[in-house]
Structures are given as C-alpha cells and as structure tokens.
Amino acid sequence: MAEQSQKRSSKAALIITPFLLLLLAGGMTVLGWSLAPTHTVEKYLNIAFMDNLKTQTETAGLQILQKEIDTADAEDTGKKTYPEGKITYPVFGEQYAQLTADAIGLNVGVFFGSNSELLALGACQTTQSAVLGTVGNVVIDAHVNTYFSDLTKLSVGDKVVLYTDYGRFTYRVAESISFDKTDRKYLGVTEGEDHLTLYTCKPELLGNSDVRVGVRCDLVAKEFYEPLQ
Amino acid sequence: MKRTIKYLASVILSLLLIFSFIALTCSVLLRGRALNPAAYHRIVAEQHLTDKISVRLTNYFTQQENTTGIPVSVYAESLKSENLEPVVDITLRKLFDYVYGVAPDTETKPDFTVLEGDLRKFFEQYAEENGIARDAAFEDALRKNMDAAEKKITAECDVFKTGSLAEAGLLGKARKIYPLTVWLIPVTGAFTLLLLLILFLMYRRTVDRWFYWVASSVLVSSILMLVPSAWLSATNWFDRFAVKSEQIFAAVTGFLYGLTHTVTVYAVCGIAAAVLLYVIAGICGTVRHRKEAVRNAKH
C-alpha cells in the first residue's frame, strides 16, 4: 500500500515538475527583467534609430493645387476694386497667387508653403510670412536656376504685382538685399509695415550657396475684388 | 526526507541549468550574429539595400538639380548599385574594426574616384562653355560640391547608423565589452557541463532520471526563449522604429527580425530535443524497472 502510494506521488511529481520549473524560471525572468536597466537600452535605441520625422517622404499627405489666376488688370476688365476686402486664406501646397514683374519679364505662380516639390513648380511663400492683403512682410523665394534667375536684375522703382483670386497687390522695389542664409533680418515679421521680400540663392559657379540675394519692396496699392461686409 | 532533499536539489540545479542553456544560446547568437560582420553583409544582400540606396540618392540629386545646377546624370555612374556596394562594405568594416579595437574611430574614407572624376569633367566643361576661369575659386567650388556629394552618399550608405550609434555611446560600450565576449561561450559552456555532471553524479544509478531532469531543463529554457521571440515576430514589434531612410529601416529591422527568427528556430529545436530526451528517459526507466522486477523475482 505504502509502495503504491509512493509510486503515485512519484508519478505526480514527474508530471508536475516541468510546470513547476516553468513557473519558477518564468517568475525569476520577469523579476529580473523588471529590475534590469532596460530603460537605458531603450533610450539608446531611441536615439540611434528613432528619427524625428516620419518614415514617409516629405510629400506624404501634401496636396498640390495648381490653378489659373486671372492677371488681367482691373482697369482693363472694368472690375470695381476696394482698398479693404475679403481674403481667402490659402492652404499649404495651394497656388494662391501669380507674381509678375514686367521689368524682367517675370510671370510665375506662387505656392503657399515651401518644399522641394513646390519649388520645382514655382515660387513659394513661407507660411510664417503675411498672407497677401494682410499687414506685414510677404516673403517669397524660388530657385535661382529656374524662376528667379533674373531676380537680381530688378532695380529700385520697378513694379512688382501679385494677383490672387481675391485681389491685386502692387509693390515697388525699394532696395536690393543680400544676406547669409542663417540671417532672418529680411525674412521676419515687420510690425505695421507692408513689405514684399523676394529672394533666391546667390548664383555660384555651381552648387549650393550660403548667401541669399533679392529685393525688398514696399506696398503701393491693395485692390480687393470684394469689400469687407 | 532524503528523497525530498534530493528533489529540491534537483529543482535548484535544473533552474540553474535552464538559465545556463539560455545564456549559452545568447552567447552563441552574440558571437555568431551580432558581432559577426558576415551576418550584416548577408542582410545587405538579402534586403537589396544598395538598390534602395541608389534610388534614394538619385531622387535626392534630382531634387538638388534646381538648387545646384548640376544635373543628376553627372552622378549616374557613382550612384549605380555596384558602385555603392564598396561604400556600404567600408562603413560596415569600419564599424567592426572599431568594436574589435582595431580602429580608433568609425570615420570612413571610401574611394570616390569615379564621382570626383565625373564632377570635375562636368565643372570643366561648364567653365569652358561659359568662359569661366579655372582659378582658385573654381577649384574651391568644385571641392565644396565633391565634399557635399561624398558626405551625402556616405551617410546614406551607413545603413546600420554607425554615426548615430557612436554618438549615442552604444559603440563605445560595445568596444569595451567586446574583449569579454571572447570568454562567453567557453564560460557558459563549461558551467552548463558542470551542472550536467553534478546532476549525473546525483542520478548515476538511475540514468533515466538524469535524462528526465535534463529534458525538463531544455524544455523550460526553450519555452522561455520561444514565447518572447514568437511574440516579437507575430506583432512585428521592430516596425515601430521610425527611421526616415528606407534602406536603414530595412537593414535594422531585417537584422533584428533575423535574430528573432534564429532564436525561435533554436527554441523549437530545443523543444524537439526535450521530447526526444523524455522518450529516452521513458525507455531507460522502463528497462530499469524491468531489471528491478527480474531481480526482485529472483530474490
């Protein structure tokens, strides 16, 4: 009887032992993992392998909207204009203006926002600058090898006109400018003053330049197509 | 009482054996995969990384064309997959030379003779067509463009982010630890053999029990490795790495998934070995009991 009981408990031990070992070893592993400095390893992995930007390309989600902007002057069309009026605020990637400068034969679309894809299509306005029709500094840039190749040929007094769906904005060149790419002097906000800043890279022999050149213009006229209510 | 003490001793030895098996497996993986350049070269080939790098660089220099005035065709020869392979190889070689303590840093100097030749040819042609003097300013502009292009190509070919790892201090730590890893396999192997020997001495008269305890240890260690590796693979856990470059993402996740897959395979083999050992234990136990029954019958 005692022998049979011993045999039964022996068999039970044989069956239970692997589970007991799994429980004990698993528990010790979990305990050890919770005490281990895994946050340090995670920190290093994050620094090494986590880029700040997403894995998608620069244009992920970008909707580029090109359109025809009417550049017929108001006098030619007999359209009534107003000194103050409604503004249709653009979205990133939208072509919301047409930039013209007869002195250098410039006629190029202006996109709201600036990245390599938009710069390939036309001139780009930085989103931090004032929207046309509002008070402030409108900042527009383009590639020197394409749309702004003759920008530096503009002289003081030359007329620059920007057409939008909601109005026409006329500027006159006030000065030629040149600044380092890290200098924000001409690109920042101008409180209470209306300016237009056009700039591009200084043409080097070939390759990238650290210098930016262009013109700073003063506002001459705002002509809105729809009055403020 | 004696049986209980023997059982408890066996449990403790088995627990030590479980972690010893896991440590031995990790040591083999560390020396055989993580610290072996051949494993990384295999990933580069399997993931077609140089093709991905070629596409990415071509797109980059195409976008740069409007800014620099240098057509992407100038870089075409340098950006071919077969010409990028040596650059990837040299960054990998430098990574391991640094970790092994052979090189003082991870800076690489790939051979960009083809690229520099193509750029010089384009610049000289441009200068001739536009009447530009080939003076110091010309050479300076040419050098600047060469340096910028070489820097970009080297960065894109650094598929295992040697630079970031070095900046994060990981490579420095790996360099310090590497000399110790030489002893990993011998030490863990010796410890495992020692535990097996102690268990054998305890059960030298009942070998079936020795097979049983070894089988249980192998089974539990395999389960402890299988569960996390299978979970990592099933949940595609390494896809959470947010890496901008497609080739770097492919390299890093390819390596980690490969490592995880190897652990899973080892674990499954371990479970199969445990089952075999249980069968052997059962056979040996049956033979022993029959012998004992015959001996008892004679007496």
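Computed from a predicted model, the values in this text were never measured in an experiment. (Residues numbered from 1 in each chain as written. Chains lettered and ligands numbered in written order. Predicted model: local features only at pLDDT ≥ 70, side-chain atom pairs only at ≥ 80, totals over all residues. Heavy atoms only, no water.)

Secondary structure assignment for chain B yields 11 helices and zero strands. Traced from its N-terminal end to its C-terminal end, chain B shows the element sequence α-α-α-α-α-α-α-α-α-α-α. Taking 19 Å as the expected radius of gyration for a compact globule of 299 residues, we find that chain B reaches 29 Å, considerably beyond that expectation. Once the C-alpha set of chain B is aligned to its principal axes, its extents read approximately 115 × 35 × 25 Å. Across the 299 residues that make up chain B, the buried fraction comes to 42%. For chain B, the share of sequence-separated contacts (at least 6 apart) that also reach a separation of at least 24 residues comes to 77%. Taken as a whole, chain B presents about 15900 Å² of accessible surface, with 63% of it coming from carbon and sulfur. Separation between the mean location of the 33 positive side-chain charges and that of the 28 negative ones in chain B comes to 25 Å. (Helix = DSSP H or I, 4+ residues; strand = E, 2+ residues; numbered from the N terminus. Rg over C-alpha atoms; globule rule 2.2 N^0.38 Å. Buried < 20%, exposed > 50% of the residue type's maximum accessible area, 1.4 Å probe, protein only. Contact = heavy atoms within 4.5 Å. Areas by Shrake-Rupley, 256 points an atom, 1.4 Å probe, with all protein chains shown as cover. Lys, Arg positive; Asp, Glu negative; His and termini not counted. Charge placed at Lys NZ, Arg CZ, Asp CG, Glu CD.)

Let us look at helix α2 (residues 37-46) of chain B. Residue and element names in this part refer to chain B. If you check which residues of α2 are buried, you get A39, Y40, I43 and V44. An end-on view of α2 places all buried positions within 145° of arc, on one side of the element. Of the exposed residues in α2, the ones pointing more than 90 degrees away from its buried face are A45 and E46. At the N-terminal boundary of α2, the capping side chain belongs to N36, with an oxygen 3.1 Å from the backbone nitrogen of A38. Phi turns positive one or two residues past the end of α2, at H48, with a value near 50°. (Arc of directions from axis to C-beta. Polar contact = N/O pair within 3.5 Å; in protein donor to acceptor, adjacent residues only side chain to side chain.)

Take the interface of chain B and chain A next. Counting from both sides, the interface comprises 45 residues of chain B and, opposite them, 34 residues of chain A. Here chain B packs against chain A, burying approximately 3700 Å² in sum over the two surfaces, 67% of which is carbon and sulfur. Across the contact surface, chain B and chain A share zero salt bridges. Connecting chain B to chain A are three residue pairs in polar contact (both at pLDDT 80 or more). Secondary structure elements with two or more residues in the side of chain B that touches chain A: α1 (2-34), α3 (49-68), α5 (113-130), α6 (136-157), α7 (162-167), α8 (170-181), α10 (207-234) and α11 (246-298) of chain B. For the side of chain B that touches chain A, a count of residues per class yields 26 nonpolar, 11 polar and eight charged. (Buried area = accessible area lost by both parts, 1.4 Å probe. Salt bridge = Lys/Arg side-chain N within 4 Å of Asp/Glu carboxyl O. Nonpolar A, V, L, I, M, F, W, Y, C, P; charged D, E, K, R; others polar.)

On to the domain arrangement of chain B, then. Residues and elements named next belong to chain B. Here the domain parsing of chain B yields domain 1 (2-34 + 183-298) and domain 2 (38-168). Here the C-alpha centroids of domain 1 and domain 2 sit 47 Å apart. In this assembly, 12 residues from domain 1 lie in contact with 15 residues from domain 2. Taken over both partners, the interface formed by domain 1 and domain 2 buries close to 1200 Å², and the fraction arising from carbon and sulfur atoms is 63%. Remark: the boundary between domain 1 and domain 2 carries zero salt bridges. Along the contact surface separating domain 1 from domain 2 lie one residue pair in polar contact (both at pLDDT 80 or more). Broken down by secondary-structure element, the contributors of at least two residues to the side of domain 1 that touches domain 2 are α1 and α11. Of all the elements, α11 adds the most residues to the side of domain 1 that touches domain 2, at eight residues. Looking at side-chain class alone, the side of domain 1 that touches domain 2 contains six nonpolar, three polar and three charged residues. (Domains from an automatic or database assignment.)

Turning next to the nonpolar core. Residues and elements named next belong to chain B. In terms of nonpolar packing, the biggest core is built from 51 residues, with Y75, L119, F123, I153 and F160 touching the most fellow members. Residue contributions to this core peak at eight residues, all from helix α4 (residues 81-99). In terms of domain composition, this core takes at least three residues from each of domain 1 (2-34 + 183-298) and domain 2 (38-168). (Core = buried A, V, L, I, M, F, W, Y, C linked by side-chain atoms within 4.5 Å.)

What follows concerns the pattern of salt bridges. All names here are of chain B. Summed over the entire model, instances satisfying the criterion amount to 19 salt bridges over all chains. Across the pair R143 and E150 runs a salt bridge whose closest N-O atoms are separated by 3.7 Å. The buried category is assigned to E150, whose relative accessible area is 13%. Ionic contacts of the salt-bridge type, sharing partners, join the residues R120, E124, E128, R134 and E139 into one network.

Here we come to a nonpolar patch on the surface. On the surface, a cluster of nonpolar side chains totalling about 650 Å² of accessible area is made up of L14, I15, I16, F19, L20, L24 and M28 of chain A. Within the secondary structure layout, I16 of chain A lies in helix α1 (residues 2-35). (Patch = residues over 30% accessible without salt bridge, like charges linked within 9 Å, V, L, I, M, F, W, Y side chains within 5 Å.)

This paragraph deals with the confidence of the model for chain B. Here chain B averages 89 in pLDDT, while 99% of its residues score no lower than 70. When mean pLDDT is taken per element in chain B, helix α9 (residues 184-202) of chain B scores highest with 95 and α7 of chain B scores lowest with 76. (pLDDT = per-residue confidence, 0-100.)

Further remarks concern the packing of aromatic side chains. All names here are of chain B. In the structure shown here, the tally under the stated rule is 23 aromatic pairs over all chains. Taking the centre distance of 5.6 Å and the plane angle of 90° together, the rings of W237 and F238 count as edge-to-face. Residue W237 is classed as partly exposed on the basis of its relative accessible area of 26%. Members of the aromatic cluster, connected to one another through ring pairs, are Y40, F96, Y100, F160, Y178 and F255. Sitting over the ring of Y60, K152 keeps its end group 4.3 Å from the ring centre. Of note, R175 hangs over the ring of Y98, and the distance from its end group to the ring centre comes to 4.5 Å. (Phe/Tyr/Trp six-rings, centres within 6.5 Å; stacked < 30°, edge-to-face > 60°. Lys NZ or Arg CZ within 6 Å of the ring centre and 35° of its normal.)

Looking now at a negative patch on the surface. Residue and element names in this part refer to chain B. Together, D51, E82, E85 and D89 line one region of the surface with negative charge. Sorting elements by how many residues they give to the negative patch places α4 first, with three residues. Within the secondary structure, E85 is located in helix α4.

Moving on to the confidence of the model for chain A. Residues and elements named next belong to chain A. When the pLDDT values of chain A are averaged, the result is 83; 84% of them are 70 or greater. Taken element by element, the predicted model of chain A shows its lowest mean pLDDT in helix α3 (residues 74-77) (59) and its highest in strand β5 (residues 159-163) (95). A low-confidence stretch, residues 52-59 (pLDDT under 50), is modelled with nine contacts involving residues beyond four sequence positions or located in other chains.

Before going further, it helps to spend a moment on the side chain of S54 of chain B. All names here are of chain B. Relative to the helices and strands, S54 is located in helix α3. Using a relative accessible area of 15% as the deciding quantity, one classes S54 as buried. With residues near it in sequence (within four places) discarded, S54 still touches L79, K80, S81 and L84.

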